[in-house]
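Letter by letter, the chains look like this.
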Amino acid sequence: MGHQDAKADKETRDGKGGGDDGKSQDVDTEHLFGFTEGSDAGEKGEQEVVVDTISRLGKRLSGPGGGHYRVLDTKLGYQFDPIDRLSIEFGAFGTFRQVRNIVDLDDKSYGTFDGVSVEVKYQFLKGDKDQPLGLALELRPRFARVLPIEGNGADIFDMETVLQLDLQLVPNKLWYGSNISFEPAAGRQRGPDAPGYRSSTFLWSNALVARVGETTYLGPEIRYLRGYNGTFLNDLESEALFVGPALHHRFTEKIWLTVAYAGQVWGRDADPSLAGRALGLNQFERHTVRVKFGMEF
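Overview of the structure. Just so you know, these numbers come straight off a predicted model, no measurement behind them.

Cut-off values and rules
Position numbers for residues count from 1 along each chain, tracking the sequence in the order it is written. Local features in this predicted model are restricted to residues of pLDDT 70 or higher, and side-chain atom pairs are both shown and tallied only at a pLDDT of 80 or more, whereas totals for entire chains, interfaces and linings draw on every residue. Water and hydrogen atoms were dropped before computing side-chain values, which therefore reflect all heavy atoms in the structure. Strands pair, by our definition, only if DSSP identifies at least two bridges between them. Going along the chain from the N terminus, every DSSP run of H or I of four or more residues is numbered as a helix, and every run of E of two or more is numbered as a strand. Comment: axis = line fitted to C-alpha atoms, over the contacting stretch for helices; angle = value between 0 and 180 degrees taken between N-to-C directions. What is meant by a nonpolar core is a set of buried Ala, Val, Leu, Ile, Met, Phe, Trp, Tyr and Cys residues, joined one to another through side-chain atoms within 4.5 Å. Burial here depends on accessible area, computed with a 1.4 Å probe over protein chains only, as a share of the maximum for the residue type. Under 20% is buried, over 50% is exposed, and the range in between is partly exposed. Should any heavy atoms of two residues lie within 4.5 Å, those residues are counted as being in contact.

**Notes on the sheet that holds strand β7 (residues 174-189)**
Next, step 1: Reading around the barrel, the 12 strands line up as β1-β2-β3-β4-β5-β6-β7-β8-β9-β10-β11-β12 and close back on themselves, with antiparallel pairing between neighbours. Between one strand axis and the next, the sheet turns through 20° on average, direction left out of account.
Next, step 2: Judged from the seven bridges that link them, strand β4 (residues 108-125) and strand β5 (residues 133-146) form a sheet pairing that is antiparallel. Bridge pairing in β5 links Q123 to A136.

As structure tokens, then:
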């Protein structure tokens with residue numbers, strides 16, 4: 001094999017060549033879709049460090065005079081793949097919040113450590129040019145120290161289970177991703193005679209991204225969420241529909257960035273006192289922004 005042929009063969013296997021086949025096999029879908037997670041889980045020996053920040057902004061004001069609800073939740077994660085198609089990630093969380101004049105919430109302004117998690121993911125099907133469907137299941141047990149909405153100190157355990165699917169609709173050009181998630185949580189707030197805490201969330205998200213540059217992907221995302229009081233989807237409190245764009249860009253083969261925005265376009269709260277009020281703001285926010293930065297090695 002000549003020098004040019006050998007170089008072309010390496011580029012094809014690395015996903016850097018000009019042909020569709022090489023690239024279509026090597027696009028990593030795990031972080032491709034924004035809030036929606038792709039099914040890819042990596043190969044044996046791969047490692048990754050991720051900084052993942054989700055900003056939750058805006059709730060219903062409790063009265064005149066202005067107010068705000070701003071919560072930034074950041075995870076620092078380390079992921080490794082002990083075998084092909086299996087990834088394990090350890091995460092540590094921090095939260096920063098500013099809340100003033102919001103219905104049913106105390107005014108707060110602080111930042112603190114917010115617990116740890118382990119994420120275990122197995123990919124049952126890996127998509128490629130011949131078989132475009134990817135399918136994975138991920139379990140995410142987490143211990144949290146802060147109630148996600150109220151911001152009160154607590155000891156909470158939750159277990160999110162996520163079914164992840166992605167499909168290469170047009171080879172090397174267009175991808176579809178979908179998640180179905182169930183997340184029960186239980187624990188107790190801190191303090192004497194503090195009440196218990198029980199909640200659960202159901203999520204269905206869908207995203208469509210297209211290659212708009214050599215290593216840049218862009219497309220719309222839609223997410224439907226239902227929040228419940230009780231660990232087994234007992235009493236509906238809020239439901240909401242979010243829509244927004246997602247952008248993924250690889251600076252190098254090993255360094256990438258994903259940015260996504262989702263705005264609540266429809267929703268409702270089950271509380272009779274809020275009947276007729278727009279959006280589901282009891283359990284969810286008006287706006288969410290996600291920024292993920294990762295480095296593989």
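**Description of the pairing of strand β8 (residues 196-211)**
Next, step 1: Of the pairings in the sheet, the one linking β7 to β8 comprises 15 bridges and is antiparallel in character. The partner of E183 across the bridge, within β8, is T201.

**Notes on the nonpolar core**
Next, step 1: F35, L203, L225, A240, F242, A246, A260, A262 and F284 form the largest nonpolar core, which has nine residues in total.
Next, step 2: The set of elements that each furnish at least two residues to this core consists of β10 (235-250) and β11 (255-269).
Next, step 3: It is β10 that provides the largest number of residues to this core, a total of three residues.
Next, step 4: Beyond its immediate stretch of four places on either side in the chain, A262 contacts F35, R223, F242, V243, G244, R286, H287 and T288.
Next, step 5: Grouped together as the second largest cluster of nonpolar side chains are seven residues, V27, F33, A207 and Y217 included.

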